[in-house]
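Residue strings, one per chain:
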Amino acid sequence: MSARGHAFGIDIGGSGVKGATVDLATGELVHDRIKIATPHPATPFAVAEAVAELVDKAKWTGPVGLTLPAVVIGGVARTAANIDKSWIGTDARALFSAALGGRPVTVLNDADAAGMAEDHYGAARNFAGLVMLLTFGTGIGSALLYHGTLVPNTELGHLEIQGMESEHRAAASIKERDGLSYEQWAAQVSLVLTTLENLFFPVVFVAGGGISRDSEKWIPLLTNRTPVIPARLRNTAGIVGAAMAITGGIAP
């Protein structure tokens, strides 16, 4: 079903397809997340089937917002991370709409969705100006918002700093792979953040990804000048941002 003031968001990741109904007044989930394992290989058709199964389980009948770990322009996936490379060039919006019986859908990048949610409901809600969310995981995802308006499909994790891509220097996976201490890893994160703040001058960085749960162990070690705060919505941010997109006319 659908309800006034509610929207349905789905966050597609490498391990799970997660969705829920969102109360747009508060950004809270109306019910527990529904999760289906991401099919392997995560081809467009297989993921579309999982999405249809999830929406059916939720008994949702309205429009649906979805995230992809990809650059999405005009509904078409232009890259693919943690999903099958056959997504590249796929009209994801048309695919998901067909899988859901022709209903309207919006598809956007997963970090963009998380950034929208954290900016409107979460950690950055009381900051006015340019907000930058960075998700530290296997790579570094990014979202850039100015007074609530999304600049879609930034890929700042690929920004080269001193001969190395940012995410090859400071992703959470690098800390784990190389056995870095928090002090050693924070020095690399500081270098990335200092470069970004010199280019964009954000009012705040929001740090997301699983490592944000341990923010007290590394955020105080950072040496850049812009405030860095941990993400608040965490594993619901993608769902909330996807739900916002379908109702807010955001269709990068």
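Residues numbered from 1 in each chain as written. Predicted model: local features only at pLDDT ≥ 70, side-chain atom pairs only at ≥ 80, totals over all residues. Heavy atoms only, no water.

Within an unreviewed UniProt entry, the label attached to the protein chain reads Polyphosphate--glucose phosphotransferase, and the organism entered is Nocardia niwae. The annotation that UniProt attaches to the protein chain under Sequence similarities (unreviewed entry) is "Belongs to the ROK (NagC/XylR) family." (UniProt positions renumbered as here; feature names shortened; annotations may be inferred.)

Novice: Can you lay out the overall build of the protein chain for me, pointing to particular residues and giving the numbers?
Specialist: Of regular secondary structure, the protein chain possesses eight helices and 15 strands. A principal-axis box enclosing the C-alpha atoms of the protein chain has dimensions of 50 × 35 × 30 Å. When the 252 residues of the protein chain are sorted by exposure, 53% land in the buried category. If you take every contact in the protein chain between residues at least 6 apart in sequence, the share linking residues at least 24 apart comes to 62%. Carbon together with sulfur atoms contributes 53% to the accessible area of the protein chain, which is approximately 10900 Å² in total. (Helix = DSSP H or I, 4+ residues; strand = E, 2+ residues; numbered from the N terminus. Buried < 20%, exposed > 50% of the residue type's maximum accessible area, 1.4 Å probe, protein only. Contact = heavy atoms within 4.5 Å. Areas by Shrake-Rupley, 256 points an atom, 1.4 Å probe, with all protein chains shown as cover.)

Novice: Tell me about the pattern of salt bridges, residues and numbers included.
Specialist: One pass over the structure, following the stated rule, counts three salt bridges. Taking the shortest distance from any N to any O, the salt bridge between Glu53 and Lys57 comes out at 3.7 Å. Of this pair, Glu53 and Lys57 are both found in helix α1 (residues 44-58), four residues apart, which corresponds to roughly one turn of the helix. Assessed through its relative accessible area of 49%, Lys57 is described here as partly exposed. One salt bridge connects Asp178 with Arg177, and the closest N-O pair in it is separated by 2.8 Å. (Salt bridge = Lys/Arg side-chain N within 4 Å of Asp/Glu carboxyl O.)

Novice: Describe the packing of aromatic side chains, naming the residues involved and giving the relevant values.
Specialist: Under the counting rule described, the total for this entry stands at five aromatic pairs. Look at Trp87 and Phe96: their rings are 5.8 Å apart centre to centre, the planes differ by 35 degrees, and that puts the pair in the tilted class. Accessibility assignment for this pair places Trp87 and Phe96 in one class, buried. Arranged with centres 5.8 Å apart and planes meeting at 80 degrees, the rings of Phe136 and Trp185 form a pair that is edge-to-face. (Phe/Tyr/Trp six-rings, centres within 6.5 Å; stacked < 30°, edge-to-face > 60°.)

Novice: Could you give an account of helix α6 (residues 182-200), naming the residues involved and the relevant values?
Specialist: Across its 19 residues, α6 extends 26 Å between first and last C-alpha, which sits within 8% of the 27 Å expected from 1.5 Å per residue. In the stretch just after α6, Phe201 is the one whose phi turns positive, near 50 degrees. (Expected span 1.5 Å × (residues − 1).)

Novice: Just give me the short version of the environment of Ile140, but keep the residues and values in it.
Specialist: Residue position: Ile140 is located in strand β10 (residues 140-146). Classification of Ile140 by relative accessible area gives buried; the value is 7%. In this structure the C-alpha to C-alpha distance between Ile140 and Ala170, which are 30 residues apart in sequence, comes to 7.8 Å. Excluding its chain neighbours within four sequence positions, the residues that come into contact with Ile140 are Leu134, Thr135, Gly157, Ser166, Glu167, Ala170 and Ala171.

Novice: Hey, could you go over unusual backbone geometry for me, with residue numbers and the actual values?
Specialist: Cis geometry marks the peptide bond from His40 to Pro41, where omega comes out at 0 degrees. Here Pro41 shows up in the loop between β4 (34-37) and α1. Not every positive phi belongs to a glycine, and Asn82 is a case in point at roughly 65 degrees. Topologically, Asn82 is positioned in the loop between β7 (76-77) and α2 (92-99). One non-glycine residue with positive phi stands out, namely Phe201, at about 50 degrees.

Novice: Requested: an account of the side chain of Glu118, with residues and values cited.
Specialist: When you line up the elements, Glu118 lands in helix α3 (residues 110-120). Buried charge without a salt bridge: Glu118, with Arg232 as the nearest opposite-charge side chain at an N-O distance of 5.9 Å. A polar side-chain atom of Glu118 sits 2.9 Å from the main-chain amide nitrogen of Ala123. Dropping the residues within four chain positions of it, Glu118 is found in contact with Ala123, Ala124, Arg125, Leu133, Val206, Ala231, Arg232, Leu233, Arg234 and Ala237. (Lys, Arg positive; Asp, Glu negative; His and termini not counted. Polar contact = N/O pair within 3.5 Å; in protein donor to acceptor, adjacent residues only side chain to side chain.)

Novice: Residues and numbers for the packing of α1 against α2, please.
Specialist: The description of two packed helices rests on the angle between their axes and on the distance between the axes. At their nearest, the axes of α1 and α2 sit 9 Å apart, and the two run at 45 degrees to each other. When the axes of α1 and α2 are compared, the pair comes out oblique. The interaxial crossing formed by α1 with α2 has right-handed handedness. On α2, the residues that touch Pro44, Val47, Ala48, Val51 and Ala52 of α1 are Leu95, Phe96 and Ala99. Here the residues of the contact of α1 with α2 sort into eight nonpolar, no polar and no charged. (Axes fitted to C-alpha atoms, helices over the stretch in contact; angles between N-to-C directions. Parallel < 35°, antiparallel > 145°, perpendicular 65-115°, else oblique. Left-handed = near helix turned anticlockwise from the far one by under 90°. Nonpolar A, V, L, I, M, F, W, Y, C, P; charged D, E, K, R; others polar.)

Novice: Explain the sheet that holds β10 to me, and be specific about the residues and the numbers.
Specialist: With mixed pairing, five strands are arranged side by side in an open sheet as β11-β10-β9-β14-β15. Of all strands in the sheet, those with a lone pairing partner are β11 (149-151) and β15 (228-230), marking the two edges. Across the sheet, the mean angle from the axis of one strand to that of its neighbour is 30 degrees, orientation sign disregarded. Taken together, the five bridges between strand β9 (residues 130-136) and strand β14 (residues 204-208) define a ladder with parallel strand orientation. What sits directly across from Leu133, in β14, is Val206. Here α6 sits on the sheet and contacts β9, β10, β14 and β15; the angle it forms with β9, its principal contact strand, is near 150 degrees. (Pairing = 2+ DSSP bridges.)

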